[in-house]
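Structural overview
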Amino acid sequence: ARRTLSRIMILWGLTSASMMFVTSANAFYVIRFLLGVFEAGFAPGLIFYLTYWYPQNRMARAITVIMLCGPIGGIFGAPLSTGTMMLLDTVGGLHGWQWMFIAEGLPSVLLGVFGLFWITDRPAEAKWLSDTDKRLLAAELKHDTAGNEPRHHSFRQVVSDPRVLLLGVSYFCIICG
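Quick caveat: nothing in here was measured; it's all calculated off a predicted structure.

What counts, and at which threshold
- Residues numbered from 1 in each chain as written.
- Predicted model: local features only at pLDDT ≥ 70, side-chain atom pairs only at ≥ 80, totals over all residues.
- Heavy atoms only, no water.
- Salt bridge = Lys/Arg side-chain N within 4 Å of Asp/Glu carboxyl O.
- Helix = DSSP H or I, 4+ residues; strand = E, 2+ residues; numbered from the N terminus.
- Buried < 20%, exposed > 50% of the residue type's maximum accessible area, 1.4 Å probe, protein only.
- Phe/Tyr/Trp six-rings, centres within 6.5 Å; stacked < 30°, edge-to-face > 60°.
- Lys NZ or Arg CZ within 6 Å of the ring centre and 35° of its normal.
- Disulfide = S-S within 2.5 Å.
- Core = buried A, V, L, I, M, F, W, Y, C linked by side-chain atoms within 4.5 Å.
- Contact = heavy atoms within 4.5 Å.
- Axes fitted to C-alpha atoms, helices over the stretch in contact; angles between N-to-C directions.
- Parallel < 35°, antiparallel > 145°, perpendicular 65-115°, else oblique.
- Left-handed = near helix turned anticlockwise from the far one by under 90°.
- Nonpolar A, V, L, I, M, F, W, Y, C, P; charged D, E, K, R; others polar.

Per the counting criterion, the structure on display carries two salt bridges. For the salt bridge of E140 with R58, the shortest nitrogen-to-oxygen distance reads 3.5 Å. Of this pair, E140 sits in helix α6 (residues 131-145) while R58 sits in helix α4 (residues 56-87), and the two are 82 residues apart along the sequence. Residue classification places E140 among the partly exposed residues on the basis of a relative accessible area of 30%. D161 is the salt-bridge partner of R163, the closest N and O atoms lying 2.8 Å from each other. Judged by its relative accessible area of 62%, R163 is exposed. By relative accessible area, which is 18% here, D161 ends up buried.

Next up, the structure:
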């Protein structure tokens, strides 16, 4: 998880920042496609990572906090982006929109590098948890899976499940909005 999430953040940030060099429609399409490729695994990877740290009875709360970051980021990011574009226009020979992409991409790269050294893959490896905390968390997580055999589904079963299709349509509508 540490390497995967860090790699995604670094590539996502570099690709986002490289939007400052776009001068044609084709370059825009290529960079936007790459941005989608690099960011695609972040949300599922993060949710999977949370399963190592949170039992099922607390997972919804943890995911809610993660999902709230998007709208909250929009609330604060929109005025910051506008201010960056207006205040830094022509500074250093760059347009304000170019500075905005630097300001957007650089934190992702820095967080990705920071994550390589800070993220702990599993509670058992966490140096900042006491042995007692590690045992308690391991017992709580083990209790979640006790007696539950993992279910394996084929891709066809998953994509033909009406609940999955409904969630997909819902998410599509959220993203399009």
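What follows concerns the packing of aromatic side chains. Inspection of the entire model under this criterion finds seven aromatic pairs. Residues F28 and Y29 carry aromatic rings whose centres are separated by 5.9 Å and whose planes lie at 65 degrees to one another, so their mutual orientation is edge-to-face. Taking the relative accessible area as the measure of exposure, Y29 reaches 56% and is therefore exposed. Ring centres of W53 and W128 lie 5.6 Å apart, and the angle between their planes is 5 degrees; on these two criteria the pair is classed as stacked. Highlighted residues: W53 in the loop between α3 (42-50) and α4 and W128 in the loop between α5 (96-118) and α6, separated in sequence by 75 residues. Put simply, the rings of Y49, W53 and W128 pair up and form one aromatic cluster. Here the basic side chain of R122 rests over the ring of Y52, its NZ or CZ set 3.7 Å away from the ring centre.

Glancing now at the state of the cysteines. Counted according to the given criterion, the structure contains zero disulfides. Here C176 stays unpaired: no disulfide links it, and the sulfur of C173, its closest cysteine neighbor, is 6.7 Å away. Residue classification places C176 among the exposed residues on the basis of a relative accessible area of 52%.

On to the nonpolar core, then. If you look at the biggest cluster of nonpolar residues, it comprises ten residues: L5, L46, Y49, Y52, W53, I119, A126, L129, L137 and L141. For this core, the secondary structure elements donating two or more residues are α3 and α6. Apart from the residues lying within four places of it in its own chain, the contact partners of L129 are W53, P123 and K134.

The subject of this paragraph is the side chain of T120. Within the fold, T120 resides in the loop between α5 and α6. Take T120: its relative accessible area is 13%, and that puts it in the buried class.

Attention now goes to the packing of helix α1 (residues 2-17) against helix α2 (residues 25-39). Closest axis-to-axis distance for the α1/α2 pair is 9 Å, and the angle between their directions is 165 degrees. Considering their axes alone, α1 and α2 lie roughly antiparallel with respect to each other. Of the two possible hands of crossing, α1 and α2 adopt the one that is left-handed. Here α1 contributes I8, L11, W12, T15 and S16 to the contact with α2, which in turn contributes I31, L34, L35, F38 and E39. Here the residues of the contact of α1 with α2 sort into seven nonpolar, two polar and one charged.

These figures capture arrangement, not role.
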